[in-house]
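Chain by chain, the residues:
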Amino acid sequence: AQSVTQPDIHITVSEGASLELRCNYSYGATPYLFWYVQSPGQGLQLLLKYFSGDTLVQGIKGFEAEFKRSQSSFNLRKPSVHWSDAAEYFCAVVGLPFSSNTGKLIFGQGTTLQVKP
Amino acid sequence: DAGITQSPRHKVTETGTPVTLRCHQTENHRYMYWYRQDPGHGLRLIHYSYGVKDTDKGEVSDGYSVSRSKTEDFLLTLESATSSQTSVYFCAISEAAYRGGNTGELFFGEGSRLTVL
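Presented here is an overview of the structure given in this document. Keep in mind the model is a prediction, meaning the values are calculated, not measured.

### Structural notes on the overall build of chain B
Thought 1: When you go through chain B residue by residue, the secondary structure sums to 0 helices and 11 strands.
Thought 2: In chain B, the succession of helices and strands from N to C terminus is β-β-β-β-β-β-β-β-β-β-β.
Thought 3: Its C-alpha atoms give chain B a radius of gyration of 14 Å, near enough to 13 Å, the size a compact globule of 117 residues would have.
Thought 4: Seen through its principal axes, chain B has C-alpha atoms that stretch 45 × 30 × 25 Å.
Thought 5: Burial statistics for chain B: of 117 residues in total, 50% are counted as buried.
Thought 6: Across chain B, every contact between residues at least 6 apart in sequence was considered, and the portion connecting residues at least 24 apart equals 57%.
Thought 7: Of the roughly 5,500 Å² of accessible surface on chain B, 47% is carried by carbon and sulfur atoms.
Thought 8: For chain B, the distance from the average position of its 12 positive side-chain charges to the average position of its 14 negative side-chain charges is 2 Å.

### Focus on unusual backbone geometry
Thought 1: P8(B) follows S7(B) through a cis peptide bond whose omega is -10 degrees.
Thought 2: The residue P8(B) is located in the loop between β1 (4-7) and β2 (10-13) in this model.
Thought 3: The phi dihedral of K61(A) is positive, around 60 degrees, even though this residue is not glycine.
Thought 4: Assignment of secondary structure puts K61(A) in the loop between β7 (56-58) and β8 (64-68).

### Considerations on the packing of aromatic side chains
Thought 1: Summed over the entire model, instances satisfying the criterion amount to 18 aromatic pairs over all chains.
Thought 2: Pairing Y64(B) with Y89(B) gives two aromatic rings, centres 5.9 Å apart and planes at 65 degrees, and the pair type is edge-to-face. Pair noted here: Y64(B) is in strand β7 (residues 64-70) and Y89(B) is in strand β9 (residues 87-94), with a separation of 25 residues, a long-range link. For the pair Y64(B) and Y89(B), one class covers both residues: buried.
Thought 3: Three or more aromatic residues joined by ring pairs form one cluster here, namely Y32(A), F34(A), Y36(A), F51(A), F90(A), F107(A), Y33(B), Y35(B), Y48(B), Y50(B), F90(B) and F108(B).

### Overview of the sheet that holds β1(B)
Picture the strands of a sheet paired through backbone hydrogen bonds; they go either parallel or antiparallel.
All names here are of chain B.
Thought 1: If you trace the 4 strands from one edge of the open sheet to the other, you get β1-β3-β8-β7, paired in antiparallel fashion. Looking at strand neighbours, the two that pair on one side only are β1 and β7, the edges of this open sheet. Taken pair by pair, the neighbouring strands of this sheet meet at an average axis angle of 15 degrees, ignoring direction.
Thought 2: The sheet contact formed by β7 and strand β8 (residues 73-78) spans 5 bridges and is antiparallel. Considered in β8, the bridge of Y64 is made with L78.

What counts and how
- Residues numbered from 1 in each chain as written.
- Chains lettered and ligands numbered in written order.
- Predicted model: local features only at pLDDT ≥ 70, side-chain atom pairs only at ≥ 80, totals over all residues.
- Heavy atoms only, no water.
- Helix = DSSP H or I, 4+ residues; strand = E, 2+ residues; numbered from the N terminus.
- Rg over C-alpha atoms; globule rule 2.2 N^0.38 Å.
- Buried < 20%, exposed > 50% of the residue type's maximum accessible area, 1.4 Å probe, protein only.
- Contact = heavy atoms within 4.5 Å.
- Areas by Shrake-Rupley, 256 points an atom, 1.4 Å probe, with all protein chains shown as cover.
- Lys, Arg positive; Asp, Glu negative; His and termini not counted.
- Charge placed at Lys NZ, Arg CZ, Asp CG, Glu CD.
- Phe/Tyr/Trp six-rings, centres within 6.5 Å; stacked < 30°, edge-to-face > 60°.
- Pairing = 2+ DSSP bridges.
- Axes fitted to C-alpha atoms, helices over the stretch in contact; angles between N-to-C directions.

Right, dumping it as structure tokens:
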């Protein structure tokens, strides 16, 4: 069965420091991968997505992620964190082969990012 | 922002009572989803719909039913609420966009917080 693991439940970084959030997936075929961000009391917003092609994808708010098939990973990075980046981050994979056409997402458990001044 | 409205946004109810949550979209998207969010579990799919009157179960569907009589509305019903259904419920929508399939790129509502006493 497909699954997504985010090994870090909680991460604290200093403002201006670099950030990397880890995501590992279990999926038999070429995955469609996503990172979403959730600010407190809000719904989820798409940061970036990977479908195919260039394995380094750029997203909104200065985030990027790199797909590494050999490691089954899709880690999220940002060179310099801002206080407004404090939020919960979710990695997700489409839960069925593309041909199933239902687009159900399987989410990881989430990583809470705290930013120190 | 995607036009997704969830109602009610907050509800407190007692064990054994029926509860209906409503998701209304103005985007005319084909796919609609109900997720629940619980600490340590990320988001888990309850039910989803791939068209009017077309619905299917997700991974945590026990105790929930759904209906979709119009493209714009997707209702989630708890026939007899239990304390284990205390959660934040998110509606999401999606549209087939890539090679005619569903890419899994979801747009989320702001959530409905349900407390069952």
